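Spelled out, the chains give:
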Amino acid sequence: MSIFTGSCVALVTPFKPDGSVNFEKLIELTDYHLAHKTDAILICGTTGEASTISDEDQVECVRLVAEHVNKKIPVIAGAGSNDTAHAVELGVACEKAGADALLLVTPYYNKTTQRGLVAHYTKIAEAVNIPIILYNVPGRTGMGISPETCLVLSKVPNIAAVKEASGNISEIAKTAALCGDALDIYSGNDDQTLPILSLGGKGVISVTANIIPDEMHDICEAYWNGDHKEACRLQLSTLGIFDALFCEVNPIPVKGAMNMLGFDVGECHLPLVDLSEAHKEFVKNELKKYGLLK
């Protein structure tokens, strides 16, 4: 059974001027998504800057959002690590905090082999009872999950899906062919949402949904309703926004855009810095073209 279908927002983590988590704003953002067609919420993923948030704050973010959402839509917790023991501890804590599923990135920096990935993910899966989404993002971690490894992992009972941010449509197609219904596929790249839906994907885990949640949901809904022309129109109409939100390292641009739009989510934690002046203008212009800014 799928964890969700449609658009899951990879929610930013709002910070106060002193760098602490703005928990009140986090609940405001949650309410915004409950009102704007978002089908699931990912807390403390890459876009949520999990790598520079303490475990305690990360788990508290999950607890607060899960409690507030109260099962209206799934709450997914980013709980990955390049230390398997740490990922187990974090996954168990997020499950206790109320997460409906976990998103687990591949080990970064130290990396591993494909056999190591099987051991890593199986160890975490055995420690929790909730579903797991594998996260394949080699551009950030330095390693990818092969389609053959996805097939092996799909046989672990609570490994339910993969978030595909490799950008390699041919590899994603191979994963879909090998795994079939045993492993759901979610797009991890907003601009590949529709192509991945066409390969049987269940939706998207989206950065762009932070600012256009209705539209990201509507791309999926139009496709599943058989209105492929409308789904294509929506996908293509958002390309300028996609370009703007990925003009620098995520989540720098999306936080900049959200602040321009009045969401007041604060700055990123170092080593991420503010948008360059040139990119601020680019983002602002794309928001205006899309009708989000006057």
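I will try to describe carefully the structure that is included in this document. (Residues numbered from 1 in each chain as written. Predicted model: local features only at pLDDT ≥ 70, side-chain atom pairs only at ≥ 80, totals over all residues. Heavy atoms only, no water.)

Attention now goes to the pairing of strand β5 (residues 132–136). Residues in a regular strand point their side chains to alternate faces of the sheet. Burial within β5 is extensive, with 5 of its 5 residues counted as buried. With 4 bridges connecting them, strand β4 (residues 101–105) and β5 associate as parallel partners. Paired with L104 across the bridge in β5 is L134. In this fold, β4 hands off to helix α4 (residues 114–127), which returns the chain to β5; that crossover is right-handed. Direction of pairing for β5 relative to strand β6 (residues 159–164): parallel, over a ladder of 5 bridges. By the bridge assignment, I133 is partnered in β6 with A161. (Buried < 20%, exposed > 50% of the residue type's maximum accessible area, 1.4 Å probe, protein only. Helix = DSSP H or I, 4+ residues; strand = E, 2+ residues; numbered from the N terminus. Pairing = 2+ DSSP bridges. Right-handed = clockwise from strand over helix to strand, strands pointing away.)

Before going further, it helps to spend a moment on the sheet that holds β6. Ordered by their spatial adjacency, 8 strands build a closed barrel running β1-β2-β3-β4-β5-β6-β7-β8, and the pairing between neighbours is parallel. Looking at each pair of strands side by side, their axes are set apart by 25 degrees on average, direction ignored. Together, β2 (40–43) and β3 (75–78) form the strand contacts of helix α2 (residues 55–69), whose direction differs from that of β3 by roughly 175 degrees. (Axes fitted to C-alpha atoms, helices over the stretch in contact; angles between N-to-C directions. Contact = heavy atoms within 4.5 Å.)

Next up on the list: α4. Under the 1.5 Å per step criterion, the end-to-end length of α4 is 20 Å for 14 residues, consistent within 8% with the ideal 20 Å. Within the span of α4, buried status applies to G116, L117, H120, Y121, T122, I124 and A125. The elements touched by buried residues of α4 are α3 (84–96), β4, β5, α6 (147–153) and β6. (Expected span 1.5 Å × (residues − 1).)

Between α3 and α4, whose axes approach to 9 Å, the crossing angle comes to 30 degrees. In terms of orientation, α3 and α4 fall into the roughly parallel class. Viewed along their axes, α3 and α4 form a crossing whose handedness is right-handed. Contacts from T84, A87, V88, V92 and E95 of α3 reach α4 at H120, K123, I124 and A127. Here the contact of α3 with α4 is composed, by residue class, of 5 nonpolar, 2 polar and 2 charged. (Parallel < 35°, antiparallel > 145°, perpendicular 65-115°, else oblique. Left-handed = near helix turned anticlockwise from the far one by under 90°. Nonpolar A, V, L, I, M, F, W, Y, C, P; charged D, E, K, R; others polar.)

What follows concerns the pattern of salt bridges. Evaluated as defined, the whole model comprises 11 salt bridges. For K25, the salt bridge identified is with E28, shortest N-O distance 3.1 Å. Here K25 and its partner E28 are both found in helix α1 (residues 23–34), 3 residues apart, which amounts to about one turn of the helix. Judged by its relative accessible area of 12%, K25 falls in the buried class. Here K255 makes a salt bridge to E49, at a shortest N to O gap of 2.8 Å. Of this pair, K255 sits in helix α12 (residues 252–260) while E49 sits in the loop between β2 and α2; the two residues are 206 residues apart in sequence, bridging distant segments of the chain. Here E49 falls in the buried class, since its relative accessible area comes to 3%. (Salt bridge = Lys/Arg side-chain N within 4 Å of Asp/Glu carboxyl O.)

This part is about the pairing of β3. Burial of the side chains of β3 extends over both faces: V75 and A77 are buried on one face and I76 and G78 on the other. Sheet topology places β2 next to β3; 3 bridges connect them, and they run parallel. Within the sheet, the bridge partner assigned to I41 lies in β3 and is V75. One crossover worth recording links β2 to the parallel β3 by way of α2, and it is right-handed.

Here the focus is the side chain of Q235. As for its placement among the helices and strands, Q235 is situated in helix α10 (residues 228–237). Looking at Q235, its side chain comes within polar contact range of the main-chain nitrogen of L194, at 2.8 Å. (Polar contact = N/O pair within 3.5 Å; in protein donor to acceptor, adjacent residues only side chain to side chain.)

Quick look at the environment of V9 now. In this fold, V9 is placed in strand β1 (residues 6–10). On the accessibility criterion, V9 (0% relative accessible area) is buried. When sequence neighbours within four positions are dropped, the list of residues in contact with V9 reads H33, T38, A40, I41, L42, S206, A209 and N210.

Geometric descriptors of this kind do not, in isolation, establish any biological role.
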